[in-house]
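Understanding the architecture of this molecule
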Amino acid sequence: MLVVNGANVDKDWAWVSKHAAEMGMEVGKELYNASDEISLLAVQGPLALKAMQKIVDQPIEDMEYYTLKKVNIAGIKDAIFSTTGYTGAGGCEIYVANEDGPKLWKAVFEAGEEFGIKPAGLAARDTLRLEMGFCLYGNDIDDTTSPIEAGLGWITKFVDGNNFIDRELLEKQKQEKPARKLVPFIITDKGIARHGYKIEDADGNEIGEVTSGTMSPSTNLSIGMGYVKSAFSKVDTEIYIKVRNKQLKATVTKLPFYKG
């Protein structure tokens, strides 16, 4: 089961279908797109599992990070309950059939009322994931980047028999080291980095580009991520973010930005 970025459903389905057909799988039978049939709620925060336990029949509070099980929740049978999410704050994601979506929403908010639950949009998620240094597709990663450049080597395990697409290319890149790397940085001058801003060295030479940036509400720091030439990727390296005609001084740091 693949859970993809909602904006990329068609793009990802086309890519998976192409490779599945090449591998002899029957698209539409062995490979099926259920995106329009499923509703998902992401209930995030350190109290999320405690709140959801009130409406789930099975024990869930001891579930490990990035695991899942089928549960009965709020009278809805066989919902998929996963301890996943993209905020770094803990919590769960709950998958049900579309017709059960409104019922689930109502039950979740009733169960979470005593804990101060609130609805939150993608902008809130975007800020939280950046504080943790989680990559966002379309910003920090896309079809021009590799997992090695983005520091996502943990999803490319070069073990015998694990013959994933483009393994040879990625293995070579890992051995030879990529020419650029995705780095987290903190701006020490006054200002905020935005997607697409150029990154320069002290002499004004372009060395990279910002992929994400915001004012972090949890740390009150101006934070961001961007690709730079590998020579500028070490922690504590000074870099400069070009904002209009000004250079804002920034320092390469370690992740996560927020250590809660």
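Here the structure is shown first, and the text comes after it.
I will try to describe carefully the structure that is included in this document.

1. A closer look at the pattern of salt bridges
- For the coordinates displayed, the defined rule picks out 12 salt bridges.
- Notably, a salt bridge pairs Lys 54 with Glu 114, separated by 2.7 Å at the nearest N-O pair. Separated by 60 residues along the polypeptide, Lys 54 in the loop between helix 2 (48-52) and strand 2 (68-73) and Glu 114 in the loop between helix 3 (101-112) and helix 4 (122-132) bring together distant segments of the chain.
- Of the residues examined, Glu 114 reaches a relative accessible area of 59% and is grouped as exposed.
- Here Asp 126 and Arg 129 are joined by a salt bridge, their closest N and O atoms 2.8 Å apart.

2. Considerations on the sheet that holds strand 9 (residues 238-243)
- Here we have six strands rolled up into a closed barrel, ordered 5-8-7-6-9-10, and antiparallel in their pairing. If you compare each strand with its neighbour and ignore which way they point, the axes differ by 45° on average.
- Bridge analysis of strand 6 (residues 198-200) against strand 7 (residues 206-215) gives three bridges, and the strand direction is antiparallel. By the bridge assignment, Lys 198 is partnered in strand 7 with Glu 209.
- Relative to the sheet, helix 4 contacts strand 7 and strand 8 (222-229), its axis offset from that of strand 7 by approximately 125°.

3. Side note on the nonpolar core
- Core analysis: the largest hydrophobic core is formed by 22 residues, its most contacted members being Met 52, Ile 73, Phe 81, Ile 94, Leu 104 and Val 108.
- Contributing elements (two or more residues each) for this core: strand 1 (38-44), helix 2, strand 2, strand 3 (76-82), strand 4 (91-97) and helix 3.
- For Met 52, the residues in contact, after removing those within four places along its chain, are Val 43, Ile 60, Phe 81, Cys 92, Ile 94, Val 108 and Ala 111.
- Counting 14 residues, the second largest nonpolar core, distinct from the first, contains Ala 193, Ile 207, Val 210 and Leu 248.

4. Quick notes on the pairing of strand 4
- Among the seven residues that make up strand 4, six are buried, leaving the element largely enclosed by the rest of the structure.
- Summarising the sheet, strand 1 and strand 4 pair through seven bridges and their orientation is antiparallel. Bridge pairing in strand 4 places Ser 39 opposite Val 96.
- Taken together, the three bridges between strand 3 and strand 4 define a ladder with antiparallel strand orientation. Bridged to Ser 82 within strand 4 is Glu 93.

Calculation criteria
Residues numbered from 1 in each chain as written. Predicted model: local features only at pLDDT ≥ 70, side-chain atom pairs only at ≥ 80, totals over all residues. Heavy atoms only, no water. Salt bridge = Lys/Arg side-chain N within 4 Å of Asp/Glu carboxyl O. Helix = DSSP H or I, 4+ residues; strand = E, 2+ residues; numbered from the N terminus. Buried < 20%, exposed > 50% of the residue type's maximum accessible area, 1.4 Å probe, protein only. Pairing = 2+ DSSP bridges. Axes fitted to C-alpha atoms, helices over the stretch in contact; angles between N-to-C directions. Contact = heavy atoms within 4.5 Å. Core = buried A, V, L, I, M, F, W, Y, C linked by side-chain atoms within 4.5 Å.

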